[in-house]
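# Summary of structural features
Take a look at the letters that make up each chain.
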Amino acid sequence: MVRTEGVDQLDTKNDQMKGMKNSDIKALSLAELNDKVNVEKEALRKMQFAHQVTAIENPMKLRESRKLIARLKTEQRAKELQK
């Protein structure tokens with residue numbers, strides 16, 4: 001399996017974010033949530049591209065990334081409604 005260095009770095013960063021618990025997400029501010037969503041969307045886009053070019057080692061990371069984005073957006077919306 002061929003992997004590029006950028007994708008390896010991306011996987012490491014995503015592994016750190018995947019460890020986020022719901023309590024960690026709830027503790028973030030609205031601005032931090034927005035930043036995390038943008039970072040995770042970019043990481044997902046890059047992983048999807050890498051997966052199209054050559055199969056990534058663990059394709060379940062795509063699903064995990066999508067689910068994390070959904071969790072972040074859910075909390076972001078909840079905080080917006082509280083205002």
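Values in this document were obtained by computation on a predicted structure and should not be read as measured data.

Relative to each other, helix H3 (residues 30–53) and helix H4 (residues 60–82) sit at 160°, their axes nearing to 9 Å. Taken together, H3 and H4 sit at an angle that is classed as roughly antiparallel. Note on packing geometry: the crossing formed by H3 with H4 is left-handed. Residues Leu30, Leu33, Asn34, Lys36, Val37, Glu40, Lys41, Leu44, Met47, Gln48 and His51 of H3 form the contact with H4, whose own contacting residues are Lys61, Leu62, Ser65, Arg66, Leu68, Ile69, Leu72, Lys73, Glu75, Gln76, Lys79 and Glu80. Tallied by class, the residues present in the contact of H3 with H4 amount to nine nonpolar, five polar and nine charged.

Our next topic: the nonpolar core. Met20, Ile25, Leu28, Leu33, Val37, Leu68 and Leu72 together form the largest nonpolar core, which totals seven residues. Counting only elements with at least two residues in this core, the list comes to H3 and H4. What Leu72 contacts, discounting residues up to four positions off in sequence, is Ile25, Leu33, Lys36 and Val37. Counting six residues, the second-largest nonpolar core is a separate cluster that includes Met47, Ala50, Ile56 and Ile69.

Rules and cut-offs
- Residues numbered from 1 in each chain as written.
- Predicted model: local features only at pLDDT ≥ 70, side-chain atom pairs only at ≥ 80, totals over all residues.
- Heavy atoms only, no water.
- Axes fitted to C-alpha atoms, helices over the stretch in contact; angles between N-to-C directions.
- Helix = DSSP H or I, 4+ residues; strand = E, 2+ residues; numbered from the N terminus.
- Parallel < 35°, antiparallel > 145°, perpendicular 65-115°, else oblique.
- Left-handed = near helix turned anticlockwise from the far one by under 90°.
- Contact = heavy atoms within 4.5 Å.
- Nonpolar A, V, L, I, M, F, W, Y, C, P; charged D, E, K, R; others polar.
- Core = buried A, V, L, I, M, F, W, Y, C linked by side-chain atoms within 4.5 Å.
- Buried < 20%, exposed > 50% of the residue type's maximum accessible area, 1.4 Å probe, protein only.

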